[in-house]
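Here is what each chain is made of, one letter per residue.
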Amino acid sequence: MSRIEEKLKILADAAKYDVSCSSSGSKRKNKGGIGDASASGICHTYTEDGRCVSLLKILLTNHCIYDCAFCVSRKSNDVKRAAFTVEEVVDLTMNFYRRNYIEGLFLSSGIFKNADFTMERLLRIVKKLRTEERYNGYIHLKTIPGASEELIREAGLYADRMSINLELPTEAGLKMVAPEKDHESVRKPLAFVNEQMQSYKKESKLIRHVPSFVPAGQSTQMVIGATPESDFEIMNVADEYYKNYKLKRVYYSGYIPINNEHQALPQIGSAPPLIRENRLYQTDWLLRFYDFKLDEILHPGHKNLELDIDPKLDWALRNPHFFPVDINKADYKMIIRIPGIGRQSAMKIVNARKFGKLREYQIRKMGIAFNRARYFMVCADTPFTLGNMAMDHVKKRILENGNSTYKRKLPTGQLTLF
Amino acid sequence: MYYLFDGSYAGFLTCVFESFEHREFSVTPITSDRFTGDFFRDNREVITDAAKAKRVQRGLRKKLDSNRAMDFFRVYLSEDPEAWQAAFRMILRIFDTGPEIMLDFGDNDVIFFAQTLKKVGRERHRMKAFIRFQKSSDGMYFAIVEPDFNVLPLISGFFKRRYADQPWLIYDARRKYGLWYDGNTVAEVQLTPAEKDALSPHHIAITLDERDEHFQQLWQQYFKSTNIESRRNMKLHLRHVPRRYWKYLTEKNGM
Ligand code: SF4
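The shown structure was predicted, so the numbers you read here are calculated from the model rather than taken from an experiment.

1. Topic: the overall build of chain B
Then, in step 1: Along chain B, the regular secondary structure elements total 9 helices and 8 strands.
Then, in step 2: The dimensions of chain B, computed from C-alpha atoms along their principal axes, are 65 × 45 × 40 Å.
Then, in step 3: Expressed as a percentage of its 255 residues, the buried residues of chain B come to 51%.
Then, in step 4: For chain B, the proportion of contacts with a sequence separation of at least 24, taken over those separated by at least 6, is 68%.
Then, in step 5: Of the roughly 12,400 Å² of accessible surface on chain B, 50% is carried by carbon and sulfur atoms.
Then, in step 6: If the 40 positive side-chain charges of chain B are averaged to one point and the 35 negative ones to another, these points end up 6 Å apart.

2. Observations regarding the site of the ligand
Then, in step 1: Contacts to the ligand come from A:Cys64, A:Tyr66, A:Cys68, A:Cys71, A:Arg74, A:Gly110 and A:Lys181.
Then, in step 2: In terms of residue class, the shell around the ligand is made up of 4 nonpolar, 1 polar and 2 charged.

3. Let's talk about the sheet that holds strand E7 (residues 177-181) of chain B
Residue and element names in this part refer to chain B.
Then, in step 1: Pairing within the open sheet is mixed, and its 5 strands lie in the order E4-E5-E6-E7-E8. Each of the sheet's edge strands pairs with one partner strand only, and the pair in question is strand E4 (134-135) and strand E8 (186-189).
Then, in step 2: Two elements, E7 and E8, share 4 bridges in a ladder whose sense is antiparallel. What sits directly across from Gly 178, in E8, is Val 189.

4. Description of the state of the cysteines
Disulfides are covalent bonds that connect the sulfur atoms of two cysteines.
Residues and elements named next belong to chain A.
Then, in step 1: This structure, assessed with the given rule, holds 1 disulfide over all chains.
Then, in step 2: The disulfide partner of Cys 43 is Cys 52, and the gap between their sulfur atoms is 2.2 Å. Between Cys 43 and Cys 52 the sulfur-sulfur dihedral comes to about -105°; the bridge is accordingly left-handed.
Then, in step 3: For Cys 43, a relative accessible area of 21% corresponds to the partly exposed category.
Then, in step 4: The class of Cys 52 is partly exposed, set by a relative accessible area of 24%.
Then, in step 5: The thiol of Cys 21 is not disulfide-bonded; the next cysteine sulfur, from Cys 52, is found 4.7 Å away.

5. Regarding the UniProt feature "domain: Radical SAM core" (unreviewed entry) in chain A
Then, in step 1: The residues that UniProt annotates with the feature "domain: Radical SAM core" (unreviewed entry) are residues 59-186 of chain A.
Then, in step 2: Secondary structure content for residues 59-186 of chain A is 39% helix and 11% strand, and the end C-alpha separation is 19 Å.

6. Brief notes about a positive patch on the surface
Then, in step 1: Side chains of A:Lys201, A:Lys202, A:Lys205, A:Lys246 and A:Lys248 sit close together on the surface and give a patch of like positive charge.
Then, in step 2: The exposure class assigned to A:Lys248 is partly exposed, which follows from its relative accessible area of 39%.

7. A short note on the domain arrangement of chain A
Residue and element names in this part refer to chain A.
Then, in step 1: Partitioning chain A into domains gives domain 1 (3-297) and domain 2 (311-400).
Then, in step 2: For domain 1 versus domain 2, the separation of C-alpha centres amounts to 38 Å.
Then, in step 3: The interface is formed by 11 residues belonging to domain 1 together with 10 residues belonging to domain 2.
Then, in step 4: Carbon and sulfur atoms supply 57% of the area buried between domain 1 and domain 2, which totals about 980 Å² over both sides.
Then, in step 5: When the buried area of domain 1 at its contact with domain 2 is split by residue, Tyr 290, Phe 292 and Glu 296 rank highest and sum to 52% of it.
Then, in step 6: Counting across the interface, domain 1 meets domain 2 through 2 salt bridges.
Then, in step 7: Linking Lys 333 and Asp 291 is a salt bridge whose minimum nitrogen-to-oxygen distance equals 2.9 Å.
Then, in step 8: Where domain 1 packs against domain 2, one counts 5 residue pairs in polar contact (both at pLDDT 80 or more).
Then, in step 9: When residues of the side of domain 1 that touches domain 2 are assigned to their parent elements, the largest contribution, 6 residues, is made by helix H8 (residues 274-289).

8. Digging into the interface of chain A and chain B
Then, in step 1: Taken together, the contact pairs 60 residues of chain A with 57 residues of chain B.
Then, in step 2: Together chain A and chain B conceal approximately 5,400 Å² of surface at their shared face, both sides included; 54% is due to carbon and sulfur atoms.
Then, in step 3: Looking only at chain A, the three residues that lose the most surface to chain B are A:Glu48, A:Arg99 and A:Tyr101, adding up to 15% of its buried area.
Then, in step 4: Along the contact surface separating chain A from chain B lie 8 salt bridges.
Then, in step 5: A salt bridge links A:Arg98 to B:Asp165, with the nearest nitrogen and oxygen atoms 3.0 Å apart.
Then, in step 6: Summed over the shared surface of chain A and chain B, the result is 37 residue pairs in polar contact (both at pLDDT 80 or more).
Then, in step 7: Put simply, the parts of the chain that give the side of chain A that touches chain B at least two residues each are helix H1 (3-13), strand E1 (45-46), strand E3 (55-59), helix H2 (86-98), H8 and helix H12 (343-352) of chain A.

9. Points about H8(A)
Residues and elements named next belong to chain A.
Then, in step 1: The terminal C-alpha atoms of H8 lie 22 Å apart, and with 16 residues this matches the ideal 22 Å at 1.5 Å per residue to within 8%.
Then, in step 2: When we look at burial in H8, the residues that qualify are Leu 274, Ile 275, Arg 276, Glu 277, Arg 279, Leu 280, Thr 283, Asp 284, Leu 286 and Leu 287.
Then, in step 3: Of the residues trailing H8, Asp 291 is marked for its positive phi of about 65°.

10. Quick word on the packing of aromatic side chains
Then, in step 1: Enumeration over the complete set of coordinates arrives at 35 aromatic pairs over all chains.
Then, in step 2: Taken together, a centroid distance of 5.1 Å and an interplanar angle of 85° make the contact between B:Phe158 and B:Phe159 edge-to-face. The burial state of B:Phe158 is the same as that of B:Phe159; both residues are buried.
Then, in step 3: Among the aromatic residues, ring-to-ring pairing joins A:Tyr97, A:Tyr135, B:Phe133, B:Tyr141, B:Phe158, B:Phe159, B:Tyr163, B:Trp168 and B:Tyr181 into one connected group.
Then, in step 4: Seen from the ring of A:Trp315, A:Arg337 lies directly overhead, with NZ or CZ sitting 4.9 Å from the centre.
Then, in step 5: The lysine or arginine in question, B:Lys252, covers the ring of B:Trp246, its NZ or CZ lying 4.0 Å from the ring centre.

11. As for the pattern of salt bridges
Then, in step 1: Under the criterion given, the structure shown has 47 salt bridges over all chains.
Then, in step 2: A:Arg187 serves as the salt-bridge partner of A:Glu240, at 2.9 Å between the closest nitrogen and oxygen. Of this pair, A:Glu240 sits in helix H7 (residues 231-245) while A:Arg187 sits in helix H6 (residues 184-206), placing them 53 residues apart in sequence.
Then, in step 3: When its relative accessible area of 26% is taken as the criterion, A:Glu240 is described as partly exposed.
Then, in step 4: For A:Asp326, the salt bridge is made with A:Lys329, and the minimal N-O distance between the two is 3.5 Å.
Then, in step 5: What emerges from the salt-bridge pattern is a single network uniting A:Glu48, B:Glu229, B:Arg232 and B:Lys252.

12. Considering H12(A)
Then, in step 1: Burial analysis of H12(A) places 7 of its 10 residues in the buried class, which makes it a mostly covered element.
Then, in step 2: Packing partners of the buried residues in H12(A) comprise helix H11 (332-335) and helix H13 (360-364) of chain A together with helix H5 (108-130) of chain B.

Basis of the calculations
Residues numbered from 1 in each chain as written. Chains lettered and ligands numbered in written order. Predicted model: local features only at pLDDT ≥ 70, side-chain atom pairs only at ≥ 80, totals over all residues. Heavy atoms only, no water. Helix = DSSP H or I, 4+ residues; strand = E, 2+ residues; numbered from the N terminus. Buried < 20%, exposed > 50% of the residue type's maximum accessible area, 1.4 Å probe, protein only. Contact = heavy atoms within 4.5 Å. Areas by Shrake-Rupley, 256 points an atom, 1.4 Å probe, with all protein chains shown as cover. Lys, Arg positive; Asp, Glu negative; His and termini not counted. Charge placed at Lys NZ, Arg CZ, Asp CG, Glu CD. Near = heavy atom within 4 Å. Nonpolar A, V, L, I, M, F, W, Y, C, P; charged D, E, K, R; others polar. Pairing = 2+ DSSP bridges. Disulfide = S-S within 2.5 Å. UniProt positions renumbered as here; feature names shortened; annotations may be inferred. Patch = residues over 30% accessible without salt bridge, like charges linked within 9 Å, V, L, I, M, F, W, Y side chains within 5 Å. Salt bridge = Lys/Arg side-chain N within 4 Å of Asp/Glu carboxyl O. Domains from an automatic or database assignment. Buried area = accessible area lost by both parts, 1.4 Å probe. Polar contact = N/O pair within 3.5 Å; in protein donor to acceptor, adjacent residues only side chain to side chain. Expected span 1.5 Å × (residues − 1). Phe/Tyr/Trp six-rings, centres within 6.5 Å; stacked < 30°, edge-to-face > 60°. Lys NZ or Arg CZ within 6 Å of the ring centre and 35° of its normal.

What follows is the structure in structure tokens.
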């Protein structure tokens, strides 16, 4: 194995726990060089764990002066260390990009020496890519907490997206496993970058040719299941960060045990909470695109998401008075609340019913999960029934003969994966 | 009645023109080479006529915005005679009653058209993702693909914009033609048998750039290292990267 391959092995391995791989949201054009950003993002391949590979996701180095218990790169961990040179990262990125392996670069780093020293190195890489290589592909860059605003501002002129991870959802959780860290040092740079983004945007309305500043926005990540926060707490934090810092995405990353040294953390061998992670993403989605309010899904009396069913179905089962929905009459807003019907299918329904009342056989072809949706809607030819089916009965029916999504995701089924 | 045409989009549009001309509205367009003869139905040989095709195209453009009009071309690229039939009947309906019928998703033709459009779109997206260039010693980036549908015409602009400063060739081994970009314009190319041979995946006769294998190997290493073993989920992996695409994926062919 060549030295560069060994470095890649170490530094890709250390970077992979950052789950963000999105390459969307930027519209950077190719201006006489190479590359552009595809607004909707492209996954060039998928790993054997089923995750999207869009960006070359690496650390500049896994040397770190900190000792966060949940992190493989922590100071006290006995792992091989490596560091790329600026030229090596540029060469890898350009050659992967030219072969259409990737949409771009996701560059993060352990903290070596201090925040500014690290940020300055990251900045040199992205600057070289943009100015010397005339590279217009996607760049996701970590903001290093504690780095000077000057460095962060300059980096923002070259990056498409910037992110800083909250790591643990609450301050209390963070203190348990990374006493040297706090959420304030995340909030400050998130706020700074957000202010810059807004002022560049304002300026570009007045003056043409204002350079773009972090055009794909900011994101953050929380580790799930390392510390004992409830889903309600987690989603509240997410909600707050979406609002205050106008984040594009919040990522939820099921904790994968990496050491047995810290008593408070799940030990090696315990499975990562993959279903829970999935339920949190579904909730996030419902909040952002389906017009749900957080307290409809989670509240102090209902603090955790169900694992055996998705949050929309759970909401529907807890709110039988909204159903069944007449798909020939109801608003789009209500149709997307029917379990098993997504936004695209709902649009089709709303358009198609202008041509005549829709029957079941027509609805079934519109890409819906009929086995779930059937209990919550009426079509033109649905037989009239007196009263509603009891919701616990509906749940049982769906779980029994519904499509295999639920069966596969049940915790017991999960064990067969290992 | 069967309309036999040459399989080109212009030929398909000529069929529409002729159906109006002859006032024959119950028509199945089919390519001549697939037609095996049917004693019970008449057939008409349709000679592709650029002028007639253009008139139909212009008619569509008048009724629909240009992107919706393009949808007919996209569906045509599915190479599925049933989708052609649906598209054919829809064009007749559009000329007859108006463009709103495109949204009549309760109708069999419209929903099938929409489903086909989605499939073609997915394949187009896959090709943007799955194409893997190799660099030859003279600086040409080349890739071989075998897409489910004939989507090369739909990705040409994408690759031209993105890889503007490098010459490239994307070759569809199933349909035996390729797109070639010389640094200026994209042209459609047919290869000579010798050139085809040179491109066959298992004995590449093109001399590669001296660093190409190095980067292939690095990419394979990256693909392995970025995987999280305790999250292994091959079912999901296969859903996103179906086996039929593996042949040309660098990361699935190493080590
Ligand atoms: S500072 Fe970052 S890289 Fe260093 S130990 Fe903490 S999480 Fe890991």
